[in-house]
Amino acid sequence: MSIKNKLQYIIKKSLPIDVDISKIVIEIPKDKKNGDYSSNIAFLLTKELKSNPMVIANDIKNIINDKMIDRVEVANPGFINFYINKDYLLDNINIINTEGKNYGRSNYGNLEKINIEYVSANPTGTLHIGHGRGAVYGDCLSRIMSFVGYDVTREYYINDAGNQMYNLGVSIKERYKERCGMAFEIPENGYHGSEIISLAEVLYNEYGMSKLNEDIDFFKQVGLDILLGDIKKDLDRFRVNFDVFTSEQSLYDSGLVDITLNKLKDSGKCYINDGALWLKTTDLYDEKDRVLIKSDGNYTYLLPDIAYHSDKFNRGFDRIIDVLGSDHHGYIHRLKSSLEFVGYDSSKIDIKLLQMVRLLRNGEEVKLSKRTGKTITLNELIEDVGVNAARYFFASKGLDTQMDFDLDLAVKKSNENPIYYIEYANARISSILRGKTIERVEKFSTIESDSAYTILNKLLEFEDVIISAASKRMPHLVANYMLELASLFHSYYSVEKIITDNEIYTKERMALISAVKIVLNNAAYMLGLILREEM
RNA sequence: GCGCCCAUAGCUCAACUGGAUAGAGCGUUUGGCUACGGACCAAAAGGUUGUGGGUUCGACUCCUACUGGGCGCACCA
């Protein structure tokens with residue numbers, strides 16, 4: 001059980017009335033003068049208890065008696081502040097060193113089945129920096145939610161059936177014609193990226209001019225296979241992985257798209273106008289109705305997507321998380337409305353929108369556009385700054401910040417990325433501990449400094465940090481935590497020598513920094529970072 | 001024009017979703033290596049949290065009206 005959870009129960013037991021545990025908020029005060037932990041519960045009970053916060057807080061204080069808590073103080077205008085017992089903090093060192101990689105794990109998620117869909121980039125080109133942000137977010141969230149006991153499925157949706165794929169096929173065919181020395185023309189809405197030219201090159205090298213009479217489907221399929229393969233390779237290099245790849249085409253093939261269409265028709269929410277089939281999404285959350293089948297008989301993107309989300313529901317997920325670019329925000333209402341029409345509970349869908357990455361080059365904005373082929377690829381980024389620095393950069397920021405990424409600055413100052421500061425802490429500890437064994441300390445007797453106890457409190461907080469990162473879907477909390485822990489360690493390192501002539505002193509401090517190293521690496525794992533032991 | 005998101009130190013971002021004196025990194029200034037790694041530490045300067053109202057014990061956080069940015073507003077995906 002996490003420390004906040006324990007405190008919640010301790011408080012609950014001390015209350016004169018029954019209060020829902022989730023209403024008892026435990027916080028970590030910014031100023032240590034206000035305790036290691038604090039609660040504002042007294043403010044919340046003033047109405048029910050018909051008393052003022054100070055009186056309520058003092059009543060609670062007088063009842064609380066737990067060996068985990070050293071003392072309780074009440075502060076104006078009614079905060080209850082807790083100080084954690086030092087032996088309890090010290091013993092946590094042993095727990096960390098024993099549990100190792102598992103320290104911080106919990107069953108908070110109760111094995112709830114979660115589907116997290118992210119990246120899902122159309123296989124019509126190479127991944128760029130914007131995809132990197134979504135990839136890191138989805139991957140970190142998956143790792144974090146798994147760690148706290150959710151049953152997580154990581155999923156990638158392949159849009160391999162629509163118009164864009166057709167355009168891809170055309171673009172490849174035209175490039176192939178170009179390579180064969182024939183007249184060619186890339187259509188206005190075709191793909192102009194350099195990867196299409198390389199694709200044509202591959203085709204030419206393999207088949208010469210023998211494929212000139214193949215239809216668009218042939219080129220589409222070749223493009224899909226190769227580009228999707230490249231995407232998977234890039235993601236793998238970025239330490240981003242998936243459990244399931246779902247193909248849009250497979251939803252047509254299995255008949256689910258048509259089944260979904262019939263269910264929508266049965267729902268009575270469809271009507272025909274101007275030769276197209278519309279869905280009355282305005283009956284729920286949408287601002288205008290949407291077309292399901294165009295007047296030319298083709299389906300819009302929405303229809304297979306309703307089928308896709310139905311499929312996710314049918315697979316029995318308790319919660320569905322979609323990670324999308326913020327340019328898709330207008331899409332949410334029509335999707336949720338449609339799903340309600342076919343009988344699913346759309347409140348189980350959590351759509352996380354990530355703001356665009358604005359790419360700067362020497363202070364000037366570089367417009368990303370796949371169509372014109374002007375992109376900074378994910379691979380180029382990794383090449384320049386490395387996987388760790390790139391991942392940390394994305395992982396350390398909240399979803400709704402519109403972040404600026406100055407590539408020149410990032411490369412030039414890559415050593416100033418906080419990840420190096422964190423790695424340096426890990427390297428220092430590794431260097432001290434190298435070749436030595438950590439022993440269990442039955443009774444700590446020499447750890448007394450404030451800086452040591454600040455670290456111990458920070459270590460104790462770890463499980464709660466992971467839980468709130470998971471429940472709030474905010475992986476950057478873990479990134480912040482890591483940086484703080486690294487900073488506390490550097491500080492501690494500068495004031496206390498670890499290895500001395502005193503055997504007990506040395507043994508206890510080695511156990512402490514070993515615990516720091518374990519937690520640092522567990523946090524790193526959560527963010528998909530691999531901390532170097534030497535720099 | 002309508003809708004969603006954003007605005008915090010010179011710059012890039014935090015602030016535990018309503019808590020106590022708004023914090024880090026970079027940059028600037030000052031001090032610290034005969035120590036287990038100086039890619040470090042200690043300290044200073046830097047803020048009317050875009051603006052005006054409101055809600056309450058308490059607001060960066062919630063409501064409202066503005067200002068300025070991003071993104072949407074297809075029988076594209």
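Since the model is a prediction, treat every value here as computed from it, not as a measurement.

Can you tell me about the sheet that holds strand E10 (residues 290-293), naming the residues and giving the values?
With antiparallel pairing, three strands are arranged side by side in an open sheet as E8-E9-E10. The open sheet has two free edges, formed respectively by strand E8 (270-273) and E10, since each of these has just one partner strand. On average, adjacent strands in this sheet sit at an angle of 45° to one another, irrespective of strand direction. Of the pairings in the sheet, the one linking strand E9 (residues 276-279) to E10 comprises three bridges and is antiparallel in character. Pairing of Trp 278 across the sheet is with Val 291, part of E10.

Residues and numbers for the protein's contact with RNA strand B, please.
Among the 69 residues in the neighbourhood of RNA strand B, the closest are listed as Ser 38, Gly 162, Asp 274, Gly 330 and Gly 398. Where the surface near RNA strand B is concerned, the elements lending two or more residues are strand E4 (79-84), helix H7 (163-179), helix H17 (418-433) and helix H19 (476-495). Ranked by residues supplied to the surface near RNA strand B, first place goes to H17 with eight residues. Looking at the surface near RNA strand B residue by residue, the class counts come to 25 nonpolar, 29 polar and 15 charged.

Quick one: what's the story with the domain arrangement of chain A, residue by residue and with numbers?
Segmentation of chain A into domains returns domain 1 (3-83), domain 2 (89-109 + 417-526) and domain 3 (163-220). Using C-alpha coordinates to define each centre, domain 1 is positioned 28 Å away from domain 2. Facing four residues of domain 1, the contacting portion of domain 2 comprises four residues. Taken together, the residues of the side of domain 1 that touches domain 2 sort by class into two nonpolar, no polar and two charged.

How would you explain the pairing of strand E5 (residues 113-117) if you had to name every residue and give the values?
With four of five residues buried, E5 lies mostly within the body of the structure. Strand direction decides the pairing type here: E5 and strand E6 (residues 151-158), joined by five bridges, are parallel. Of the residues in E6, the one forming a bridge with Ile 114 is Val 152. In this fold, E5 hands off to helix H6 (residues 129-147), which returns the chain to E6; that crossover is right-handed.

Rules and cut-offs
- Residues numbered from 1 in each chain as written.
- Chains lettered and ligands numbered in written order.
- Predicted model: local features only at pLDDT ≥ 70, side-chain atom pairs only at ≥ 80, totals over all residues.
- Pairing = 2+ DSSP bridges.
- Helix = DSSP H or I, 4+ residues; strand = E, 2+ residues; numbered from the N terminus.
- Axes fitted to C-alpha atoms, helices over the stretch in contact; angles between N-to-C directions.
- Near = placed C-beta within 6 Å.
- Nonpolar A, V, L, I, M, F, W, Y, C, P; charged D, E, K, R; others polar.
- Domains from an automatic or database assignment.
- Contact = placed C-beta atoms within 7 Å.
- Buried ≥ 20, exposed ≤ 12 C-beta atoms within 10 Å, placed from the backbone.
- Right-handed = clockwise from strand over helix to strand, strands pointing away.

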